[in-house]
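Here's the letter readout for the chains.
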Amino acid sequence: MSVLQCPRCGESHNVETFTSVNTAKDPDLKARVKDGSLFVWECPHCGAKNLIKGELLYHDPEEKLMVWLLPEGARPPGAVEEAVKQLEGYTLRRVADAGSLIEKVNIHEAGLDDVTVEMLKMVTRTEMSEKTPAVQDVPMKFFRLDGPDNDIILSFPLDGSLQAVTVGFNVYEDCRSILSRNPSIAPAPGFAVVDSAWIESFFK
């Protein structure tokens, strides 16, 4: 439990918060992470929905996935990073916001590689920006696979609303092929940051 103050009305309340989620021990929390409800609390006094901010280590032993939500620029303790490097076959990621954590979980559960997805998003932004320049600077998120051909649905904010674009799976395969020929484009050991800025740094 944490005492949190509502930004709207100023009232303080005890709110159930988490610093870690192990989906093997608490499978119900996995659904709450994926739908975002774990990161939101409703003020009993005024009804405002507020974002819960703070660190969270997401661990899915079955999927061999760990995602650590940390404030921008923060790093996990060195001893922890050294310990998790020994985990065989694990994907380890570090993110700065709840939306990115949710995206990492969704990408992994879809059986996709997040490095390839980041490259696909970069290619998609570049192509779309030829007609709509503002798209170049919007944060795109993987939403889901769709249809028998596994089309990739990306969502992004534009002009005050959430929009979506469908990308053929062949683009994902093309990006994966490019990455296979460029092994230097790879996450660092430990809890690596894999996002748009990271992938774009290789192409500047």
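This text follows the structure it describes.
Residues numbered from 1 in each chain as written. Predicted model: local features only at pLDDT ≥ 70, side-chain atom pairs only at ≥ 80, totals over all residues. Heavy atoms only, no water.

### Overview of the layout of surface pockets
Here is step 1: If you add up the space inside the largest pocket, you get close to 350 Å³.
Here is step 2: Taken together, 22 residues make up the lining of the largest pocket; nearest its centre are Ala96, Asp97, Ser100, Lys141 and Asp195.
Here is step 3: Residue assignment for the lining of the largest pocket shows that the elements contributing at least two residues are β8 (91–95), α3 (98–109) and α4 (114–129).
Here is step 4: Of the residues contributing to the lining of the largest pocket, the split by class is nine nonpolar, three polar and ten charged.
Here is step 5: Its boundaries defined by the atoms lining it, the second largest pocket holds a volume of some 210 Å³.
Here is step 6: In terms of lining, the second largest pocket is formed by 14 residues, of which the most central are Lys141, Phe142, Phe143, Ser155 and Leu162.
Here is step 7: Looking at the lining of the second largest pocket, the elements that each hand over two or more residues are α3, β9 (141–146), β10 (151–158) and β11 (161–167). (1 Å grid on protein atoms, 1.4 Å probe; cavity = no way out; pocket = protein on both sides within 12 Å on 5 of 7 lines; lining within 4 Å. Points joined across faces, edges and corners; volume = space filled by probe spheres on them. Helix = DSSP H or I, 4+ residues; strand = E, 2+ residues; numbered from the N terminus. Nonpolar A, V, L, I, M, F, W, Y, C, P; charged D, E, K, R; others polar.)

### Points about the packing of aromatic side chains
Here is step 1: Per the counting criterion, the structure on display carries three aromatic pairs.
Here is step 2: Residues tryptophan 68 and phenylalanine 191 carry aromatic rings whose centres are separated by 5.2 Å and whose planes lie at 75 degrees to one another, so their mutual orientation is edge-to-face. Of this pair, tryptophan 68 sits in strand β7 (residues 65–69) while phenylalanine 191 sits in the loop between α5 (169–180) and α6 (196–200); the two residues are 123 residues apart in sequence, bridging distant segments of the chain.
Here is step 3: According to the relative accessible area criterion, phenylalanine 191 is buried, its value standing at 1%.
Here is step 4: Measuring from centroid to centroid gives 5.0 Å for tryptophan 198 and phenylalanine 202, while their planes differ by 75 degrees, and the two rings are edge-to-face. (Phe/Tyr/Trp six-rings, centres within 6.5 Å; stacked < 30°, edge-to-face > 60°. Buried < 20%, exposed > 50% of the residue type's maximum accessible area, 1.4 Å probe, protein only.)

### Things to note about the nonpolar core
Here is step 1: Membership of the largest hydrophobic core comes to 25 residues, with the highest contact counts inside it found for Leu112, Ile152 and Leu154.
Here is step 2: When residues of this core are traced back to their parent elements, those giving at least two are α4, β10, β11, α5 and α6.
Here is step 3: Tallying contributions element by element places α4 first for this core, with five residues.
Here is step 4: Apart from residues no more than four positions distant in its own chain, leucine 112 is found in contact with Ile107, Val117, Phe142, Leu145, Ile152, Phe169 and Tyr172. (Core = buried A, V, L, I, M, F, W, Y, C linked by side-chain atoms within 4.5 Å. Contact = heavy atoms within 4.5 Å.)

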